[in-house]
Amino acid sequence: DTRFALALPLGKHRFDIFAGVRYLNDNFKDSYTHAYDSGNDKTPDQATRNRHAEGVDETWKSINWYANVDYNYREKYYLQGSFAFQSSSRFGKQADAGVKLFGVTWGFFPSIQGAWVISNENWFRPNRSVNMLKLNAGFESLGNDSYDNNAAFTYMAARSFLKEYAVGIGLENIGNSKLRWESTNRFNVGLEGNFFN
C-alpha cells in the first residue's frame, strides 16, 4: 500500500488530500494423498482401496487505486469526495460492468459526502442544552470481491470412485466468466450533536 497525503490550508479554506495504490497477491498450492484403515506392509491393497488424493490451488491478485479529497470552509461547511478503482483476479474475463483496461475489468466506486455545522453559524447561539449540531448527507457506491478465488473458472479436481477403490479426475466447478464484484449503493443522512455539555 503506497500513498501520499497533502494538507493545504488556504485562508478560510482547507483541503486535505490523499491518494494511493494497494496491491494484494496471495498464492497457496498443496497436493497430497492419504489413507486410513490400511493393513500392514504385507497387504498394500488395503491402503490403495482407502486412498484419497486432495489438493488446493489458490491464487488471488487485487489492485486498487484510490483517492480522497476533504474540503472545509471556516469549519462550517464540509465536502468530501472519494473514489476507488479496483480490479481482481476473481472477476470473470467477460464481466459486463465497469471499465475494460489492460485486458481486465475494473470496478469504479465513487462517494460524496457533505456536512453543515449549524452550531458554527453566527446566528446560532450556543447554550447548555445544545453545544454542537451538525447535519450530514451523502451517497456512496461500494464494491467487494469476497467470494471463492476460482468461482469464475471451470476446473477439475481429484475424486474417489467405486467405493474409494479408484481415484480419478472429475468436474469440480462450472465457471461464470461474467462474474463481477458485489456492489451496494447507499444514501445516508444524519444529524450529529452534543447536548447538555
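Structure's up top.
Residues numbered from 1 in each chain as written. Predicted model: local features only at pLDDT ≥ 70, side-chain atom pairs only at ≥ 80, totals over all residues. Heavy atoms only, no water.

Asker: Looking at this model, I keep getting lost on the packing of aromatic side chains. Mind explaining?
Answerer: Two numbers describe a pair of aromatic rings. These are the distance of the centres and the angle of the planes. Scanning the entire structure with this criterion turns up nine aromatic pairs. A ring pair is formed by Phe-18 and Tyr-66, whose centres lie 6.4 Å apart and whose planes are at 65 degrees; its orientation type is edge-to-face. Of this pair, Phe-18 sits in strand S2 (residues 13-35) while Tyr-66 sits in strand S3 (residues 51-73), placing them 48 residues apart in sequence. An angle of 10 degrees between the planes, with centres 6.2 Å apart, marks the rings of Tyr-73 and Tyr-77 as stacked. (Phe/Tyr/Trp six-rings, centres within 6.5 Å; stacked < 30°, edge-to-face > 60°. Helix = DSSP H or I, 4+ residues; strand = E, 2+ residues; numbered from the N terminus.)

Asker: How should I be thinking about unusual backbone geometry in this particular structure?
Answerer: For residues other than glycine, phi is negative in most cases, and the peptide bonds are mostly trans. With phi around 55 degrees, Phe-196 is a residue other than glycine that occupies positive phi space. Note that Phe-196 resides in the segment after strand S10 (182-195). What makes Phe-196 exposed here is its relative accessible area of 66%. Phi at Asn-197 takes a positive value of approximately 60 degrees, unusual for a residue other than glycine. Mapping Asn-197 onto the fold places it in the segment after S10. (Buried < 20%, exposed > 50% of the residue type's maximum accessible area, 1.4 Å probe, protein only.)

Asker: Is there a simple way to think about the pattern of salt bridges in this case?
Answerer: Side chains that carry opposite charge are capable of pairing whenever their charged atoms lie near each other. One pass over the full model with this rule turns up eight salt bridges. Notably, a salt bridge pairs Asp-145 with Arg-90, separated by 3.6 Å at the nearest N-O pair. Of this pair, Asp-145 sits in the loop between strand S7 (130-144) and strand S8 (155-161) while Arg-90 sits in the loop between strand S4 (77-88) and strand S5 (99-101), and the two are 55 residues apart along the sequence. Considered together, Asp-145 and Arg-90 belong to a single accessibility category, that of buried residues. Note that Arg-180 and Asp-96 form a salt bridge whose closest N and O atoms lie 3.9 Å from each other. With Arg-180 in the loop between strand S9 (166-173) and S10 and Asp-96 in the loop between S4 and S5, this residue pair connects regions lying 84 residues apart in the sequence. Under the relative-accessibility criterion, Asp-96 is labelled exposed at 58%. By sharing partners, the salt bridges in this structure join Asp-1, Arg-3 and Arg-22 into a single network. (Salt bridge = Lys/Arg side-chain N within 4 Å of Asp/Glu carboxyl O.)

Asker: Sorry if this is basic, but what is going on with the environment of Gln-94 here?
Answerer: With respect to the secondary-structure elements, Gln-94 resides in the loop between S4 and S5. Measuring from C-alpha to C-alpha, the distance between Gln-94 and Thr-105 comes to 7.9 Å, with eleven residues separating the pair along the chain. Every residue in contact with Gln-94, bar those within four places of it in the chain, is listed here: Lys-100, Ser-177 and Lys-178. (Contact = heavy atoms within 4.5 Å.)

Asker: In this structure, what is going on with the environment of Asn-144? I would like to understand it.
Answerer: Mapping Asn-144 onto the fold places it in strand S7. Separated by 58 residues in the primary sequence, Asn-144 and Gln-86 have C-alpha atoms spaced 9.1 Å apart. Non-local contacts of Asn-144, meaning those with residues more than four positions away in its chain, are made with Trp-181 and Glu-182. Here the side chain of Asn-144 touches Ser-146 through a polar contact of 3.0 Å, landing on its backbone nitrogen. A distance of 2.8 Å separates polar atoms of two side chains, one belonging to Asn-144 and the other to Glu-182. (Polar contact = N/O pair within 3.5 Å; in protein donor to acceptor, adjacent residues only side chain to side chain.)

Asker: Honestly, the environment of Ser-119 in this entry has me stumped. Any pointers?
Answerer: Positionally, Ser-119 belongs in the loop between strand S6 (104-117) and S7. Through-space distance from the C-alpha of Ser-119 to that of Asn-131 is 7.4 Å; in sequence the pair is twelve residues apart. Aside from chain neighbours lying at most four places away, what touches Ser-119 is Phe-124, Asn-131, Met-132 and Leu-133.

Spatial relationships are all this shows, so hold off on functional conclusions.
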